[in-house]
Amino acid sequence: MPRSGGKRRYVWALAAAFLAAAGSGAWAYIHYGRVTIDPSIPSAIVRKGEFFVIVSCRGELVAGRSVQITAPLNVPDMRIAWQAPPGSTVKKGDSILRFDSSGAKRQLQEKEASLQQSEASLKQTAAQAAIQEEQDKLELAWQKHQVERARLEVRKAELVSKLQAEESGINLSLAEDKLNVVQATLELNKASGRSKIAAVEAERDKNFADVELTRKRIGQMEVSAPSDGMVSYLLNYSRGWMNAQPFRVGDNVWPGSAIAEIPDLASLEMKAKVEEIERSRIKLGQTARIHLDPFPEKPFPAKLASISPLTEQNFEWPPTRNFRAFGTFDAMDPRLRPGMNGRMDIVVDRIPDALAVPAKAVFARQGKPVVLVAGRDGFHAAFVEIVARNPDEVAIRGVASGDRVALIDQSGPSPAKSGKK
């Protein structure tokens, strides 16, 4: 038997050997017993939580209320010379469009010159008529005087010979006839003067109306915003449906055509296409989430506000018919703009405490759904039960929360039923 000191050393040696063995075992467990996964194989973690069963539909933002900007009527040869930048925010009364007014201003100068000329002609015609009337009045007065003299000569018939008396009578008759002619000429010249003045006045009024109309047209060459909002230009189809582009500087515009609109940003809503097979799954008032392409990181809470009663024809190839669904935002975001494309996910059911995996993680083996679950020796297939399916995510039974599943199909052992729930 060893002595007392040797026994203690022996005990310490055994303890050190035990600790060394335990450490080696732990190290071997950590480095060789853990699950090793090929990093080149994409995978995902099984998530546990509330699962939203959705109907997904694509669409774009539209304004429920908007004010349309149209080209002025009765203004020919309009060409856009300046426009507010597309998408810019404007206030009521701000200038939005200006048309090229150089031609109209030249016409205005010509019409103003014609107006001045017609006014001068009117003054000249009125002056000539007044002069002619004064001359006719003098002639009438002179002829009346001659008639009176002839009457005096007739009254001397008792004092002169019969021949002279007859001559005086003839002179009186001639003087009276001439007086009637002068009176008729006076009335004729008056009527002629009034006619000439009326004709010149009509021409003056026409030129005045042309001047006012041209001035009004020039005033309509600048279009102002009727309300606050954002400017959105409409498509110009003058080059054909295939080459239609929004109105821009240099485009010719026909009178009364719709050029732009100012949507009310507070009335923006998602207008989406719903397949006929999905129509029976949705109803008004259901919650939704709107995912816009410009902001993929932020889902916008919304509600299903309306659904078209009938399908609508789409101008696509091949032609299809879909229902139209409109979703309203719970809260507006100042970054939202009409025409933004996106997706609306309408929540038709909720499953609490569901196990969810990406849709691409579910495969088919022997005609049944399976997932490839990571194990110590790699991925192995396990049969699962599909509870609900979304375009990007699937709720399943047959795996455990936190399991790692492969996203691509890998050859492996035959599936085995898993006892995990």
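Residues numbered from 1 in each chain as written. Predicted model: local features only at pLDDT ≥ 70, side-chain atom pairs only at ≥ 80, totals over all residues. Heavy atoms only, no water.

Mapping N390 onto the fold places it in the loop between β23 (385-389) and β24 (393-397). For N390, a relative accessible area of 7% gives the class buried. Engagement of the side chain of N390 in a polar contact is seen with the backbone nitrogen of I54, the distance being 3.0 Å. Those residues within four positions of N390 in sequence are excluded, and the remaining contacts are F51, F52, V53, I54 and A359. (Helix = DSSP H or I, 4+ residues; strand = E, 2+ residues; numbered from the N terminus. Buried < 20%, exposed > 50% of the residue type's maximum accessible area, 1.4 Å probe, protein only. Polar contact = N/O pair within 3.5 Å; in protein donor to acceptor, adjacent residues only side chain to side chain. Contact = heavy atoms within 4.5 Å.)

Here we take up the nonpolar core. Of all hydrophobic cores here, the largest spans 25 residues; its most connected members are I69, I96, L97, F99, Y233, V253 and I259. Those elements giving two or more residues to this core turn out to be β4 (78-83), β6 (95-99), α2 (102-155), α3 (162-220) and β13 (258-263). For V253, the contacting residues outside a window of four places in its chain are A71, M78, I80, F99, F247 and I259. (Core = buried A, V, L, I, M, F, W, Y, C linked by side-chain atoms within 4.5 Å.)

Moving on, we come to the sheet that holds strand β12 (residues 252-253). Strand order across the open sheet formed by 4 strands is β7-β6-β4-β12, with antiparallel pairing between neighbours. A strand with exactly one partner marks an edge of an open sheet, and here the two such strands are β7 (222-224) and β12. Relative to β12, β4 runs antiparallel, the two being bridged by 2 bridges. Directly across from R79, in β12, lies its bridge partner N252. (Pairing = 2+ DSSP bridges.)

The next thing to look at is the layout of surface pockets. Each pocket or cavity is described by its volume, and for the largest pocket that value is around 670 Å³. Residue lining of the largest pocket: 26 residues in total, with E60, L61, V62, K271 and R324 positioned closest to the centre. Broken down by secondary-structure element, the contributors of at least two residues to the lining of the largest pocket are β2 (47-63), β9 (232-233), β13, β14 (268-274), β17 (312-313) and β18 (321-329). Looking at the lining of the largest pocket, the element that brings in the most residues is β2, giving 6 residues. Of the residues contributing to the lining of the largest pocket, the split by class is 12 nonpolar, 6 polar and 8 charged. (1 Å grid on protein atoms, 1.4 Å probe; cavity = no way out; pocket = protein on both sides within 12 Å on 5 of 7 lines; lining within 4 Å. Points joined across faces, edges and corners; volume = space filled by probe spheres on them. Nonpolar A, V, L, I, M, F, W, Y, C, P; charged D, E, K, R; others polar.)

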